[in-house]
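Summary of structural features
Listed here are the chains, written in short residue letters.
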Amino acid sequence: MKPKIIRIISFSLIAFFHLIFLVALILEKKNAFPISFLLILFLFLTTVTYYKAPLIHEEHFIEDFIAIVFVTLGAISTYTVTHYLKTGPVLAAGIIGTMASFIPTINRDSRLFKLAPASIYCGCFVGMSHQDVAPNYSFIIIAGVITGLFMVISKGVFHGFGGKLGTIAFGGVAFTSFLLFLLY
């Protein structure tokens, strides 16, 4: 695909996930004028940022595949630490994220090891899901792979902007929940 089309698709995915999240907040709070105002402001600022941000897109199949694997491993690891070691999701994500930050020191010249911290930390957000949302490892693996795909698709958009990894993880978990809802 051409970089322009990929940029439009990835921007649309991220904007859609943010929109779903914010609509859920509005529906939860009936008197939500401040949230509605922030939603409009957010959409405006996101659109401006989209047009001002530089396009960074490279195609590397092996690196993209490894990123998906790292996201899934981060999700599984965080889910395991959260639910079986009973640490809680924030502490589990902190532990896994901190451990992932040391992976590039194994081989400082490896491009794949440099991918690991961000990809694994994105997976940590998936693994932080509550058991009511993510009841088993099958869900976590599917959500991890979908989140990894979303991460690869959106790698050239909002590079260096805060909140991207959490938004992608939210989208992966929400999309997986929606798929399972349709199938069962």
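Residues numbered from 1 in each chain as written. Predicted model: local features only at pLDDT ≥ 70, side-chain atom pairs only at ≥ 80, totals over all residues. Heavy atoms only, no water.

Let's shift gears to the overall build of the protein chain. Along its length, the protein chain carries seven helices and zero strands. N-terminal to C-terminal, the α/β element order of the protein chain is α-α-α-α-α-α-α. When the 184 residues of the protein chain are sorted by exposure, 36% land in the buried category. A fraction of 74% describes how many contacts in the protein chain between residues 6 or more apart in sequence connect residues 24 or more apart. About 11,000 Å² of surface is accessible on the protein chain, with carbon and sulfur atoms providing 73% of the total. (Helix = DSSP H or I, 4+ residues; strand = E, 2+ residues; numbered from the N terminus. Buried < 20%, exposed > 50% of the residue type's maximum accessible area, 1.4 Å probe, protein only. Contact = heavy atoms within 4.5 Å. Areas by Shrake-Rupley, 256 points an atom, 1.4 Å probe, with all protein chains shown as cover.)

Another point: the nonpolar core. Phe70, Val81, Ala92, Ala93, Ile96, Ala100, Ile103, Ala116, Ile120 and Cys124 together form the largest nonpolar core, which totals 10 residues. Here this core gets four residues from one element, more than from any other, and that element is helix H4 (residues 89–101). Among residues more than four places away in sequence, those in contact with Ala93 are Thr78, Tyr121, Cys124 and Met128. Ranked by size, the runner-up nonpolar core spans nine residues in total, among them Val126, Phe139, Ile140 and Ala169. (Core = buried A, V, L, I, M, F, W, Y, C linked by side-chain atoms within 4.5 Å.)

Moving on, we come to unusual backbone geometry. Despite not being glycine, Lys86 has its phi angle at roughly 55°, a positive value. If you trace the backbone, Lys86 turns up in the loop between helix H3 (61–84) and H4. Note on Lys86: relative accessible area 68%, which makes it exposed.

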